[in-house]
Number of protein chains: 4
Amino acid sequence: MSSFRAQKMAKKKQEILRSAAAVLVEKGYQGTTMEEIAAKLLMTKGSMYYYFKNKDDLLYQCHLMIMEICLDGIEKVIESELNPVEKLRNAIKEHILLATSEKSMFMALSKPNHNFSEKQLQEVLELRKNYSHYFDKIIQEGIEKRAFVPVDVKMVRLIVLGALNWIQEWYDQNGPQSAEEISEAYAAYLLKMLVKE
Amino acid sequence: MSSFRAQKMAKKKQEILRSAAAVLVEKGYQGTTMEEIAAKLLMTKGSMYYYFKNKDDLLYQCHLMIMEICLDGIEKVIESELNPVEKLRNAIKEHILLATSEKSMFMALSKPNHNFSEKQLQEVLELRKNYSHYFDKIIQEGIEKRAFVPVDVKMVRLIVLGALNWIQEWYDQNGPQSAEEISEAYAAYLLKMLVKE
Amino acid sequence: MSSFRAQKMAKKKQEILRSAAAVLVEKGYQGTTMEEIAAKLLMTKGSMYYYFKNKDDLLYQCHLMIMEICLDGIEKVIESELNPVEKLRNAIKEHILLATSEKSMFMALSKPNHNFSEKQLQEVLELRKNYSHYFDKIIQEGIEKRAFVPVDVKMVRLIVLGALNWIQEWYDQNGPQSAEEISEAYAAYLLKMLVKE
Amino acid sequence: MSSFRAQKMAKKKQEILRSAAAVLVEKGYQGTTMEEIAAKLLMTKGSMYYYFKNKDDLLYQCHLMIMEICLDGIEKVIESELNPVEKLRNAIKEHILLATSEKSMFMALSKPNHNFSEKQLQEVLELRKNYSHYFDKIIQEGIEKRAFVPVDVKMVRLIVLGALNWIQEWYDQNGPQSAEEISEAYAAYLLKMLVKE
DNA sequence: TATGAATGAGCTTTCATTCAT
DNA sequence: CATGAATGAAAGCTCATTCAT
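The model shown is predicted, which means the values in this text are computed figures rather than measured ones.

Thresholds, definitions, all that
Residues numbered from 1 in each chain as written. Chains lettered and ligands numbered in written order. Predicted model: local features only at pLDDT ≥ 70, side-chain atom pairs only at ≥ 80, totals over all residues. Heavy atoms only, no water. Helix = DSSP H or I, 4+ residues; strand = E, 2+ residues; numbered from the N terminus. Buried < 20%, exposed > 50% of the residue type's maximum accessible area, 1.4 Å probe, protein only. Contact = heavy atoms within 4.5 Å. Areas by Shrake-Rupley, 256 points an atom, 1.4 Å probe, with all protein chains shown as cover. Lys, Arg positive; Asp, Glu negative; His and termini not counted. Charge placed at Lys NZ, Arg CZ, Asp CG, Glu CD. Near = heavy atom within 4 Å. Polar contact = N/O pair within 3.5 Å; in protein donor to acceptor, adjacent residues only side chain to side chain. Nonpolar A, V, L, I, M, F, W, Y, C, P; charged D, E, K, R; others polar. Buried area = accessible area lost by both parts, 1.4 Å probe. Salt bridge = Lys/Arg side-chain N within 4 Å of Asp/Glu carboxyl O. Expected span 1.5 Å × (residues − 1). Phe/Tyr/Trp six-rings, centres within 6.5 Å; stacked < 30°, edge-to-face > 60°. Lys NZ or Arg CZ within 6 Å of the ring centre and 35° of its normal. Least-squares fit on C-alpha atoms with pLDDT ≥ 70 in both. Axes fitted to C-alpha atoms, helices over the stretch in contact; angles between N-to-C directions. Parallel < 35°, antiparallel > 145°, perpendicular 65-115°, else oblique. Left-handed = near helix turned anticlockwise from the far one by under 90°.

1. Topic: the overall build of chain A
No. 1: When its secondary structure is counted, chain A shows 8 helices and 0 strands.
No. 2: On the principal axes, the C-alpha backbone points of chain A span a range of 60 × 40 × 30 Å.
No. 3: Expressed as a percentage of its 197 residues, the buried residues of chain A come to 51%.
No. 4: Taking all contacts inside chain A whose residues are at least 6 apart in sequence as the whole, residues at least 24 apart take part in 71%.
No. 5: Of the accessible surface of chain A, which amounts to about 10000 Å², a share of 50% is contributed by carbon and sulfur atoms.
No. 6: Averaging the positions of the 27 positive and the 27 negative side-chain charges in chain A gives two centres separated by 4 Å.

See below:
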């Protein structure tokens, strides 16, 4: 069937996106060439155009894929039966583990201006907003349940996500601290902004 | 005198750097063209090369300039007679005010790999390390004076600077909150990680 | 097979080199633009970079190609069973015919300083030395066999090659004398420096 | 008087030309920048334009100056009371000494195509022709006086000048042989083409 | 499907030239 | 007279994109 073809193509697309995202995060949009992405997958530049309309499309799909992964992660946390403190702790840990393992954390693909169509741009920003809102939701819930002290939710969320997204700037897979350890510590410190002694 | 000429040239260089830094931070190294930088100063592309050897040199000098400004700021804080809490609060506020006013905060010129010579790279990294160390020093002092609870100094500093540097990603000069307000709030929230109730 | 592709690419490279050499000899390295070379082959500037890394590489490969042709020519002479007088006569004639037909005689690509890597430079100079040595060998052999009078071999060789390489400066394909005639005359005159009456 | 001014200007022009010629011969027309020429004279680029209309003009004047020097040299030889053999020997030696000392021998500024006006081009070619004719004259006179064997005058002259002009390609001021020695040897060998045993 | 080859727009850089001071 | 500063045209080079095979 054609659905078989389609499935095979989707698999390949995924493979390309996963590889491309890593390079794009590392070197930035303009600093990454199609050739470089292709080479890493033992393909040729030209072949990429069978799967993606153009470089912008590739970047766009990267954003979508990464956001999907992130949203999956946080939705699992949201739906869990944990208390707000544990929820936020898990959300933070999940974010860090994704960012350090995939080395392709979404926020780092910052400012998706590039040449996106208005529709594409809105789509990406919408997904980001969703992700942010999940954090807001956890914080809000925590405040309402008196697990957290009252705070400016948006601002605290910006602080938290900023701290998390910066990790990629210095994280070294071969460094002394594991991503696991880092995520534990980050969660602990950041929670101090929200819990009363 | 020739020193007059030299001074005039230095002034112009400063002017270019200031303008260039804004564009470089906004669009990234590869996304910024020499023409764009020049146009913003009502110059021509070619004229830039009278002042800077090449694009890399321009970027390098940007890093130096920005770091100088940042270091000046934090040194003033360090040398003040304030207690650690106020020192850190001021350091945070200073950083945010610089980042939002100049729109050219240093850390955002992330990963100065581009084509820097080893010497240039080391120079920039050294300045960054100095800046970071000032934060460490404030935190360390706070712990020793029992103003702060004991923490992993480096990790807390990474959280703080990460949160601060992220501000540029969303800060909007015409937004509802002034940089002043933001900096107050950030300082208050971040200090919660360090002070006992 | 991939070797078929490779062969096709090699052919194209040859074609480009042959055309480029002519222009380079005519106008010099700095006076020749990539666009000019490309245009003569009905290509675009950009396409050249598919075959050659940069302009220097193109020049380097030109040198290699030309030297190969020259060395092939003189090796045939060296290996022949002729006496020294005839060998030198043939070497001179061969050189002139190549220089005038290809209009891309090697020595004329003088001073291969341009931006060659040390390795490239050594490679080219080595090939030139080989070529010169073949002339020396012929002269030396002639002296030993008493076909030539004793002379400073190197100096006579320099005179001969100098005279030959100068031909390009004035040779005109449509001039009154054919390359054949010129080469005959040159050989005859130059041999007078070496043979006793 | 204005003639004093004019004289001073002429002196300066001479000085510039002498310095420029050396660089032009060394690096070629396109390979030499106005800045380079100016720097060697501790001037600035812009100042050159007070003395010369443009770069082409500078090159043109270089040709004129060099040719004047060469012609002065050979005219002295021509007017001497020596026999043809000695005349040719001296002409050859003079040429070599100029070429190696000034490192700015005229023929080396080969192909004065650059952007010369037709008039300029004709002027330079005329001077070159004059220089060549002096050699022809010496050779012709030698043949008539039976000092030389009959030869194709033009061709022998081309051989001689070719050999001479090539010297710059390899001459090294610090090499084992002095220009004096080289010129003696060259003259001796080249004369063998013309004298009977 | 995949790719070798070609293209052209756009970028960095150089440099002859100009001109106010 | 001399020069600091600016300019713009042209060059080398890169790279996203296309397309015949």
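2. Details of the protein's contact with DNA strand F
No. 1: Around DNA strand F sit 31 residues, and of these Lys55 of chain A, Ser47 and Tyr51 of chain B together with Ser47 and Tyr51 of chain D come closest.
No. 2: Separating a phosphate oxygen of DNA strand F from a backbone N or O atom of Thr32 of chain A is a distance of 3.4 Å.
No. 3: Here a phosphate oxygen of DNA strand F sits 3.4 Å away from a polar atom, N or O, in the side chain of Lys12 of chain B.
No. 4: A breakdown of the residues in the surface near DNA strand F according to their chemical character gives 10 nonpolar, 14 polar and 7 charged.

3. Here's the deal with the arrangement of the chains
No. 1: At the C-alpha level, the nearest point of chain A lies 13 Å from chain C, with no contact between them.
No. 2: Left apart from each other, chain A and chain D have a closest C-alpha approach of 33 Å.

4. Re the interface of chain A and chain B
No. 1: Each partner contributes to the interface: chain A provides 29 residues, whereas chain B provides 29 residues.
No. 2: Regarding the contact of chain A and chain B, the summed buried area is about 2900 Å², with carbon and sulfur atoms giving 66% of it.
No. 3: Where chain A meets chain B, there are 0 salt bridges.
No. 4: Seen at the junction of chain A and chain B, the total is 2 residue pairs in polar contact (both at pLDDT 80 or more).
No. 5: Going through the elements one at a time, helix H7 (153-170) and helix H8 (179-191) of chain A are the ones with two or more residues in the side of chain A that touches chain B.
No. 6: At 11 residues, H7 of chain A tops the list of elements feeding residues into the side of chain A that touches chain B.
No. 7: Residues belonging to the side of chain A that touches chain B are distributed by class as follows: 16 nonpolar, 7 polar and 6 charged.

5. What about helix H8 (residues 179-191) of chain C?
No. 1: Under the 1.5 Å per step criterion, the end-to-end length of H8 of chain C is 18 Å for 13 residues, consistent within 8% with the ideal 18 Å.
No. 2: Buried within H8 of chain C are the following residues: Ala179, Ile182, Ser183, Ala185, Tyr186, Ala187, Tyr189, Leu190 and Leu191 of chain C.

6. Describing the protein's contact with DNA strand E
No. 1: Around DNA strand E, the structure places 30 residues, and the nearest of them are Ser47, Tyr50 and Tyr51 of chain A, Tyr49 of chain B together with Tyr51 of chain C.
No. 2: Taking all atoms of DNA strand E within 4 Å of the protein, the share assigned to sugar and phosphate is 77%.
No. 3: Lys55 of chain B has a polar backbone atom sitting 2.8 Å from a phosphate oxygen of DNA strand E.
No. 4: Note that a phosphate oxygen of DNA strand E is positioned 2.7 Å from one of the side-chain N or O atoms of Ser47 of chain C.
No. 5: Elements supplying a minimum of two residues to the surface near DNA strand E: helix H3 (45-51) of chain A, helix H3 (45-51) of chain B, helix H1 (2-27) and helix H3 (45-51) of chain C together with helix H3 (45-51) of chain D.

7. What to know about the packing of aromatic side chains
No. 1: By the definition in use, this model includes 12 aromatic pairs over all chains.
No. 2: Judged by centre distance (5.9 Å) and plane angle (80°), the rings of Tyr60 of chain A and Phe116 of chain A are edge-to-face. Pair noted here: Tyr60 of chain A is in helix H4 (residues 55-79) and Phe116 of chain A is in the loop between helix H5 (84-101) and helix H6 (118-144), with a separation of 56 residues, a long-range link.
No. 3: Looking at Tyr60 of chain A, the relative accessible area reads 13%, which means it is buried.
No. 4: A centroid spacing of 5.4 Å and a plane angle of 65° characterise the contact between Tyr131 of chain D and Phe135 of chain D, whose relative ring orientation is edge-to-face. With a gap of 4 residues between them, Tyr131 of chain D and Phe135 of chain D both fall in helix H6 (residues 118-144), about one helical turn apart.
No. 5: Phe135 of chain D sits in the buried class, given a relative accessible area of 0%.
No. 6: One Lys or Arg, Lys55 of chain A, reaches over the ring of Tyr29 of chain A and ends 4.4 Å from the middle of that ring.

8. Comments concerning the interface of chain D and chain C
No. 1: With 29 residues of chain D at the interface, the matching set in chain C holds 30 residues.
No. 2: Between chain D and chain C, roughly 2900 Å² of surface is buried when both sides are summed, and carbon and sulfur atoms account for 66% of that area.
No. 3: There are 0 salt bridges connecting chain D and chain C.
No. 4: Linking chain D to chain C there are 2 residue pairs in polar contact (both at pLDDT 80 or more).
No. 5: Residue assignment for the side of chain D that touches chain C shows that the elements contributing at least two residues are helix H7 (153-170) and helix H8 (179-191) of chain D.
No. 6: Split into classes, the residues belonging to the side of chain D that touches chain C amount to 16 nonpolar, 7 polar and 6 charged.

9. Overview of the relation of the copies chain A and chain B
No. 1: Relative to chain B, chain A is turned by 179° and slid 0.1 Å along the rotation axis, the superposed coordinates differing by an RMSD of 0.2 Å. Both copies are brought into coincidence by an operation consistent with a two-fold rotation axis. If distances are taken from each C-alpha of chain A to the rotation axis, the shortest is found for Ala163 of chain A, at 2.1 Å.
No. 2: By residue overlap, the copies meet face to face through one surface: 100% of the interface positions of chain A are interface positions in chain B.

10. Here's the deal with the packing of helix H4 (residues 55-79) of chain B against helix H6 (residues 118-144) of chain B
All names here are of chain B.
No. 1: The interhelical angle for the contact between H4 and H6, taken along N-to-C directions, is 20°, at an axis separation of 10 Å. Taken together, the axis directions place H4 and H6 in an arrangement best described as roughly parallel. As for the relative orientation of H4 and H6, their crossing is left-handed in sense. Residues Asp57, Tyr60, His63, Leu64, Met67, Cys70, Leu71, Ile74, Glu75, Val77 and Ile78 of H4 lie in contact with H6, whose contacting residues are Gln120, Glu123, Val124, Leu127, Arg128, Asn130, Tyr131, Tyr134, Phe135, Lys137 and Ile138.

11. Let's talk about the relation of the copies chain D and chain C
No. 1: Superposing chain D onto chain C takes a rotation of 179° combined with a translation of 0.1 Å along the rotation axis, leaving an RMSD of 0.2 Å.
No. 2: Residue by residue, 100% of the interface of chain D is reproduced at the interface of chain C, so both copies engage with the same surface.

12. Describing the environment of Glu15 of chain C
Residues and elements named next belong to chain C.
No. 1: Secondary-structure assignment places Glu15 in helix H1.
No. 2: By relative accessible area, Glu15 is classed as partly exposed at 42%.
No. 3: Once the C-alpha coordinates of Glu15 and Leu41 are considered, the two residues, 26 residues apart in sequence, prove to be 8.6 Å apart.

13. Here's the deal with the side chain of Asn165 of chain B
No. 1: Tracing the backbone shows Asn165 of chain B in helix H7 (residues 153-170).
No. 2: Looking at Asn165 of chain B, its side chain comes within polar contact range of the side chain of His95 of chain B, at 3.1 Å.

14. Topic: the environment of Ser3 of chain C
Residue and element names in this part refer to chain C.
No. 1: Tracing the sequence through the fold places Ser3 in helix H1.
No. 2: By relative accessible area, Ser3 is classed as partly exposed at 47%.
No. 3: With 97 residues separating them along the chain, Ser3 and Thr100 place their C-alpha atoms 34 Å apart.

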